[in-house]
Amino acid sequence: MATIFTKIIAGEIPCYKVAEDDNFLAFLDINPNAKGHTLCIPKKEVDKLLDLDEGTYSGLMSFSRKVGKAIEEAIDCNRVGMAVIGLEVPHVHVHLIPLNSMKDATFQSKVQLSDAEFKEIASKISAKL
Ligand code: 5GP
């Protein structure tokens with residue numbers, strides 16, 4: 001069965017898109033740790049990061065680096081943290097999280113954003129790419 005992220009890639013489920021190329025997609029996490037929390041995914045549906053072929057793994061890291069740099073410019077933060085967890089959605093995704101304190105990295109403390117705020121954040125990050 002297709003993962004929720006494959007449905008997002010196919011446009012069957014909406015997302016706040018930040019960046020896309022032939023092989024990768026970046027969009028805002030729907031339950032963010034902090035404003036600008038973004039997920040980068042390969043369009044190829046693979047569950048675990050370390051099971052990616054080397055080309056897709058390197059491509060994902062390079063794509064995530066570009067998006068992370070854009071987040072650093074667009075969002076007021078101390079730095080952008082990167083994490084790969086994958087316990088909830090079995091489709092490889094890199095979390096890029098604007099960090100101001102350790103709390104932002106815990107996945108325990110979440111921020112609520114309106115539709116308008118999500119749209120504004122996504123377009124601010126996209127504009128830096
Ligand atoms: P993990 O699998 O790394 O533990 O976490 C999955 C992440 O995907 C969570 O941070 C969660 O908020 C996010 N997520 C789950 N479903 C959706 C969705 O339908 N849309 C978006 N944008 N994010 C989602």
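In what follows, the structure referred to is the one given above.
Residues numbered from 1 in each chain as written. Predicted model: local features only at pLDDT ≥ 70, side-chain atom pairs only at ≥ 80, totals over all residues. Heavy atoms only, no water.

Engineer: When you look at helix α3 (residues 115-127) in this model, what are you seeing that I'm missing?
Structural biologist: Residues three or four positions apart in an α-helix share a direction because the helix packs 3.6 residues into each turn. Helix length check: α3, at 13 residues, gives a terminal C-alpha distance of 18 Å against a target of 18 Å (1.5 Å per residue), a fit within 8%. Where α3 is concerned, the buried positions are Phe118, Ile121, Ala122 and Ile125. Along the axis of α3, the buried positions cluster into a sector of 100°, meaning they face one direction only. In α3, those exposed residues whose orientation departs by more than 90 degrees from the buried face are Ala116 and Ala127. The inward-facing, buried residues of α3 abut β1 (17-20), β2 (24-28), β3 (38-42) and α2 (54-74). (Helix = DSSP H or I, 4+ residues; strand = E, 2+ residues; numbered from the N terminus. Expected span 1.5 Å × (residues − 1). Buried < 20%, exposed > 50% of the residue type's maximum accessible area, 1.4 Å probe, protein only. Arc of directions from axis to C-beta. Contact = heavy atoms within 4.5 Å.)

Engineer: Would you mind showing me how to read the site of the ligand here?
Structural biologist: Among the 16 residues in the neighbourhood of the ligand, the closest are listed as Asp29, Gly86, Glu88, His93 and His95. In this structure, His95 approaches the ligand through a side-chain N or O atom, which is 2.8 Å from an oxygen atom. Across the complex, the protein chains shield 87% of the 530 Å² of accessible surface that the ligand would expose by itself. Those elements giving two or more residues to the shell around the ligand turn out to be α1 (4-9) and β2. (Near = heavy atom within 4 Å. Polar contact = N/O pair within 3.5 Å; in protein donor to acceptor, adjacent residues only side chain to side chain. Areas by Shrake-Rupley, 256 points an atom, 1.4 Å probe, with all protein chains shown as cover.)

Engineer: How do you make sense of unusual backbone geometry when you look at a structure like this?
Structural biologist: Across residues other than glycine, the phi torsion is negative in most instances, and most of the peptide bonds are trans. Despite not being glycine, Phe107 has its phi angle at roughly 65°, a positive value. Relative to the helices and strands, Phe107 is located in the loop between β5 (94-99) and α3.

Engineer: What exactly am I supposed to notice about the pattern of salt bridges here?
Structural biologist: Where charged atoms of side chains with opposite charge meet at close range, the side chains can pair. Applying the stated criterion across every chain yields a total of 5 salt bridges. When the shortest N-O distance is used, the salt bridge between Asp53 and Lys44 registers 2.8 Å. With a relative accessible area of 37%, Asp53 lands in the partly exposed category. In this structure Lys44 comes out as partly exposed when scored by relative accessible area, which is 46%. (Salt bridge = Lys/Arg side-chain N within 4 Å of Asp/Glu carboxyl O.)

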